[in-house]
Amino acid sequence: MFAATAAAFAASLTLASPAAAIVTFDPATGTGFVGKGDVQTVFEWNNKALQTHA
């Protein structure tokens, strides 16, 4: 379940801004990386909002 959710989230970031997003995802382990700026862009969060939701 987590792997599918993480894959869907990573895909949504890629579709939202394909030229800017750098996303890595390993489906074998269910782990990956999404940059802070990409998360903020998708959710339209400033730094304070990101810290609140972290």
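Quick caveat: nothing in here was measured; it's all calculated off a predicted structure.

A. The pairing of strand 2 (residues 31–34), seen in detail. Here strand 1 (residues 23–26) runs beside strand 2; their pairing, made up of four bridges, is antiparallel. Its bridge partner lying in strand 2, Val 23 is registered against Val 34. Taking the residues between adjacent antiparallel strands as the criterion, strand 1 and strand 2 are bridged by four residues, where Gly 30 takes a positive phi near 75 degrees.

B. Fine view of the packing of aromatic side chains. Scanning the model with the defined rule gives one aromatic pair in all. Relative to Trp 45, the ring of Phe 43 has its centre 4.7 Å away and its plane inclined at 20 degrees; by these criteria the two rings are stacked. Classification of Trp 45 by relative accessible area gives partly exposed; the value is 23%.

The rules behind each value
- Residues numbered from 1 in each chain as written.
- Predicted model: local features only at pLDDT ≥ 70, side-chain atom pairs only at ≥ 80, totals over all residues.
- Heavy atoms only, no water.
- Pairing = 2+ DSSP bridges.
- Helix = DSSP H or I, 4+ residues; strand = E, 2+ residues; numbered from the N terminus.
- Phe/Tyr/Trp six-rings, centres within 6.5 Å; stacked < 30°, edge-to-face > 60°.
- Buried < 20%, exposed > 50% of the residue type's maximum accessible area, 1.4 Å probe, protein only.

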